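Structural overview
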Amino acid sequence: MSGPTTAELQLPIEGMTCASCVVRVERALQGVPGVEEVSVNLATETAQVRADRLPNLATIAKAVEDAGYRLGTRE
């Protein structure tokens, strides 16, 4: 039995400084095809993304960059 699959990602976001930044990043990520839900946390500088399939990371990075921020890296 095969049901719907979803992908969940936690992404580091660099460059956010305020609540308005959070809103801009959330709107940008919600515009990525397949993304169903986005929650951005300013304190942890992360975005939780749930999508109906694994989104293309280059598309996600471009959406974040177009909003004025950067997709970071975690070490």
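The preceding data block contains the structure.
Residues numbered from 1 in each chain as written. Predicted model: local features only at pLDDT ≥ 70, side-chain atom pairs only at ≥ 80, totals over all residues. Heavy atoms only, no water.

Quick notes on the sheet that holds strand β3 (residues 46-51)
Strand order in this open sheet of four strands is β2-β3-β1-β4, and the pairing throughout is antiparallel. The open sheet has two free edges, formed respectively by β2 (35-41) and β4 (70-71), since each of these has just one partner strand. Where strand β1 (residues 7-14) and β4 come together, two bridges link them in antiparallel fashion. Opposite I13, over in β4, you have L71 as the bridge partner. Across the sheet, helix α1 (residues 19-30) is in contact with β1, β2 and β3; its angle to β2 comes to roughly 160°. (Pairing = 2+ DSSP bridges. Helix = DSSP H or I, 4+ residues; strand = E, 2+ residues; numbered from the N terminus. Contact = heavy atoms within 4.5 Å. Axes fitted to C-alpha atoms, helices over the stretch in contact; angles between N-to-C directions.)

Description of α1
Within an α-helix, residues lying three or four positions from one another point in the same direction, as the helix has 3.6 residues per turn. If you check α1, its first and last C-alpha atoms are 17 Å apart, about what 12 residues at 1.5 Å a residue would give, namely 16 Å. Residues C21, V22, V25, A28 and L29 constitute the buried set of α1. Angularly, the buried residues of α1 cover 130° about the axis, an arc narrow enough to put them on a single face. Along α1, exposed side chains directed more than 90 degrees from the buried face belong to A19 and R27. On its buried face, α1 sits against β1, β2, β3 and α2 (57-66). (Expected span 1.5 Å × (residues − 1). Buried < 20%, exposed > 50% of the residue type's maximum accessible area, 1.4 Å probe, protein only. Arc of directions from axis to C-beta.)

Quick look at α2
Along α2, the positions that sit buried rather than exposed are I60, A61, A63 and V64. The buried side chains of α2 occupy one side of the element, clustering within an arc of 160° when seen end-on. For α2, the exposed residues set more than 90 degrees away from the buried face come down to A58 and D66. Where α2 is buried, its residues touch β1, α1 and β4.

Some words on unusual backbone geometry
One non-glycine residue, E45, adopts positive backbone phi at about 55°. Looking at the secondary structure, you find E45 in the loop between β2 and β3. Taking the relative accessible area as the measure of exposure, E45 reaches 35% and is therefore partly exposed.

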